Amino acid sequence: MHLIVGDVGGTHARLALARTDGEQVSLLRERVYPSRDYPDLGSLLAAFLRDLPRVAIGWACIGVA
């Protein structure tokens, strides 16, 4: 299963595409964005998803400061 994980703070947002297979988790792609360049979480996620290969995302976990 593929998932999106992230940490969004006031300065930077770090998002990653990961894959899990049982108990193993592998990061496939990671990006860092300046938070000030995105007015909301939706536009940040849209920018990240544009750069990803077409895969089905099962779930996401994002921490927001």
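Definitions and cut-offs
Residues numbered from 1 in each chain as written. Predicted model: local features only at pLDDT ≥ 70, side-chain atom pairs only at ≥ 80, totals over all residues. Heavy atoms only, no water. Pairing = 2+ DSSP bridges. Helix = DSSP H or I, 4+ residues; strand = E, 2+ residues; numbered from the N terminus. Axes fitted to C-alpha atoms, helices over the stretch in contact; angles between N-to-C directions.

Draft legend 1. Quick peek at the sheet that holds strand E3 (residues 24-34). Read across the open sheet, the four strands follow the order E3-E2-E1-E4; overall the sheet is mixed. At either end of the open sheet lies a strand with only one pairing partner, and these are E3 and strand E4 (57-64). Taking each pair of neighbouring strands and ignoring which way they run, the sheet shows an average axis angle of 15 degrees. Inspection of the sheet shows strand E2 (residues 12-21) paired to E3 by 10 bridges, in the antiparallel sense. Paired with Leu 15 across the bridge in E3 is Arg 31.

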